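# Remarks on the overall topology
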Amino acid sequence: MPLRFDLQNAHQFLPPVADLECARAAFLRLKEYEAAGEPLGWSTLPKDYDKEEFDRILKAAKRIRTSCDVFVVIGIGGSYLGARAAIEFLFGQNYNHRKDVPEVYFSGNSLDADAISDLLQYCKNKDVCINVISKSGTTTEPAVAFRIWRAFLEEKYGKEKARERIFVTTDKNPRPGTLKELSDREGYESFVVPGDVGGRYSVLTAVGLLPIAVAGGNITQMMQGASIARKEYAECVLENPCVQYALARKALYEGGKSIELFASFCTRLQYFGEWLKQLFGESEGKDGKGLFPASVIYSTDLHSMGQYVQEGQRIFFETFIDIEEPNVPIRIPHDASDVDGLNFLAGKELDEVNDKAEQGTIDAHVEGNVPVIKVALERADEESFGRLVYFFELSCALSGCLIGINPFNQPGVELYKRNMFCLLGKPGYTK
């Protein structure tokens, strides 16, 4: 089920001949970054992932599914967005309504006291396992949450029994003051955040794979999809969708577009949009450069943002992500009274109506001078998710190289932390 890529009306905004030499230079730049030690392990991960650890992930997920009602994933940024995006992609936004797997909740992605206390209260009479995800273990939000959840488990089960319910995904090497050192000392089962894979590129490592497997996702098929994509997108040719997309983004950016609006008519892609915002925002937003990533779910957001998209400032383009087949078709019934005037839709499948709404929206936005790019998948399954992740990861890396920034660092995220630590009186931090 290959991913389908279409520039729609964006062709008219591009140079007459796409600059393949620029793309070749971007591919070469990726090799230079790799040689310099930048974290490009994600690019070969579908082939080179640790098979022994992968097997441990599958076994741990099976144990977790049989030992708890609730699985709490503690992490922030790339340590939770990819896993949640995958789970919603596969099982929809109501994924916790299923009875055959534990409910999966996410904590440690904010410092909101009510968010944690509400979840703690909910878990009071449930059997709980947790997975704390942090390379160092010192990132404030998940570290605080882990303290709280560990205390909760130890009070509920006692320290010895709690140990069996705590799973750690962290750096490989134990060093004093790190989460790995704590994990080894306490005897928690641990998995590795590869040192050569950055957080926002980590969904296909243990960071994402353990929660996805606990939720019932087939992570073997997911890795197979990513492996297929890696082979399909390896060559720097104009037929490569990653090359087309990266060159299109560069041309639109240089043509005055400053915002990329990721759009979908599939609600199960809402958190995939959140993952894309981090992937592109953290990779490109530096040195005063980069497209600003935003996301919408249509047709919902047509009733809130639709007016602006249609007639507001022409500073953005849209990248539509489409899942062509629903998992379960629904047919619209006939209503004898026809009070809503919709009997002309009776007998049609709801997905057909959604498709026409999407095409009508694209046509309207094209008429409103909004460039549109479209990425389409046949269905929402594990193989498709693996393909989609690899497509956007490689496209993002190439795009960063094309605009002349390092897409693998994130120096700007540290300033708020320094200010916060100063205000909280952490030793060694002053204004």
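To start, this report covers the structure provided alongside it. (Residues numbered from 1 in each chain as written. Predicted model: local features only at pLDDT ≥ 70, side-chain atom pairs only at ≥ 80, totals over all residues. Heavy atoms only, no water.)

This part covers the packing of helix H4 (residues 81-91) against helix H9 (residues 206-214). It is the contact of H4 with H9, at a shortest axis distance of 8 Å, that shows an interaxial angle of 35°. For the element pair H4 and H9, the recorded crossing hand is right-handed. Contact residues: H4 offers Ala-83, Ala-86, Ile-87 and Leu-90, while H9 offers Gly-208, Pro-211 and Ile-212. Classifying every residue of the contact of H4 with H9 by side-chain character gives six nonpolar, one polar and no charged. (Axes fitted to C-alpha atoms, helices over the stretch in contact; angles between N-to-C directions. Helix = DSSP H or I, 4+ residues; strand = E, 2+ residues; numbered from the N terminus. Left-handed = near helix turned anticlockwise from the far one by under 90°. Contact = heavy atoms within 4.5 Å. Nonpolar A, V, L, I, M, F, W, Y, C, P; charged D, E, K, R; others polar.)

Of all hydrophobic cores here, the largest spans 94 residues; its most connected members are Leu-210, Phe-272, Trp-275 and Phe-392. With 12 residues, the top contributor of residues to this core is helix H15 (residues 382-402). Each residue touching Leu-210, except ones within four places of it in the same chain, is listed here: Ile-57, Ala-60, Ala-61, Ile-64, Phe-71, Asn-131, Phe-167 and Phe-191. Leu-119, Ala-145, Ala-162 and Tyr-188 belong to the second-largest nonpolar core, a separate cluster that totals 22 residues. (Core = buried A, V, L, I, M, F, W, Y, C linked by side-chain atoms within 4.5 Å. Buried < 20%, exposed > 50% of the residue type's maximum accessible area, 1.4 Å probe, protein only.)

Attention now moves to H15. In a regular helix each residue adds 1.5 Å, so 21 residues correspond to 30 Å; H15 covers 30 Å between its end C-alpha atoms and thus fits that length. Within H15, 20 of the 21 residues are buried, leaving the element largely enclosed by the surrounding structure. Gly-404 lies just past H15 and shows a positive phi near 85°. (Expected span 1.5 Å × (residues − 1).)

All right, on to the pairing of strand E3 (residues 103-107) then. Each regular strand shows side chains that alternate between the opposite faces of the sheet. For E3, the buried fraction is high: four of the five residues fall into the buried class. As paired elements, strand E2 (residues 70-74) and E3 share five bridges and run parallel to each other. When the bridges of E3 are listed, Val-72 appears paired with Tyr-105. Read from E2 through H4 to E3, the crossover connection turns out right-handed. (Pairing = 2+ DSSP bridges. Right-handed = clockwise from strand over helix to strand, strands pointing away.)

Another aspect to go through is the pattern of salt bridges. For the structure shown, the criterion picks out 29 salt bridges. Of the charged contacts in the structure, one is a salt bridge between Arg-163 and Glu-160, with a shortest N-O distance of 2.6 Å. With Arg-163 and Glu-160 both in helix H7 (residues 159-163) and three residues apart, this pair spans about one turn of that helix. The exposure class of Glu-160 is exposed, given its relative accessible area of 54%. Where salt bridges share partners, they join Glu-53, Arg-56, Arg-63 and Glu-189 into one cluster. (Salt bridge = Lys/Arg side-chain N within 4 Å of Asp/Glu carboxyl O.)

Next up on the list: the sheet that holds E3. The pairing of strands in a sheet happens through backbone hydrogen bonds and is either parallel or antiparallel. In spatial order, the strands read E3-E2-E4-E5-E6; together these five strands make up an open sheet with parallel pairing. A single partner strand is all that each edge strand has here, and the edge strands are E3 and strand E6 (189-192). Within the sheet, the average angular offset between the axes of one strand and its neighbour, ignoring direction, is 20°. Sitting on the sheet, helix H3 (residues 51-67) touches E2, strand E4 (128-133), strand E5 (166-170) and E6, and the angle it makes with E6 is about 135°. Running over the sheet, helix H5 (residues 113-122) touches E2 and E3 and is turned about 150° from E3.

Turning our eyes to something else, we now look at the sheet that holds strand E8 (residues 292-297). Ordered in space as E1-E10-E9-E7-E8, the five strands form an open sheet in which the pairing is mixed. The open sheet has two edge strands with one neighbour each: strand E1 (4-6) and E8. Direction aside, the axes of adjacent strands within the sheet are offset by 20° on average. Note that strand E7 (residues 259-264) and E8 share six bridges and pair parallel. Bridge pairing in E8 links Ser-264 to Ile-297.

On to the packing of aromatic side chains. Per the counting criterion, the structure on display carries 26 aromatic pairs. Following the ring pairs from residue to residue traces out a cluster consisting of Phe-5, Phe-89, Tyr-233, Tyr-245, Phe-262, Phe-272, Trp-275, Phe-280, Phe-385, Phe-391 and Phe-392. Directly above the aromatic system of Tyr-49 lies the positively charged group of Lys-51, at a separation of 4.2 Å from the ring centroid. (Phe/Tyr/Trp six-rings, centres within 6.5 Å; stacked < 30°, edge-to-face > 60°. Lys NZ or Arg CZ within 6 Å of the ring centre and 35° of its normal.)

Turning to the environment of Gly-290, a few remarks are in order. Its location among the elements puts Gly-290 in the loop between helix H12 (270-284) and E8. Residues Gly-290 and Lys-250, 40 residues apart in the sequence, show an inter-C-alpha distance of 9.5 Å. Leave out the neighbours within four places in its chain, and Gly-290 touches Tyr-253, Ser-258, Glu-284 and Ile-403.

All right, on to the environment of Thr-319 then. With respect to the element layout, Thr-319 can be found in strand E9 (residues 316-323). In this structure the C-alpha to C-alpha distance between Thr-319 and Leu-30, which are 289 residues apart in sequence, comes to 24 Å. If we skip the residues at most four places from it in the chain, Thr-319 touches Tyr-245, Glu-260, Leu-261, Phe-262, Ala-263, Ile-373 and Val-375.

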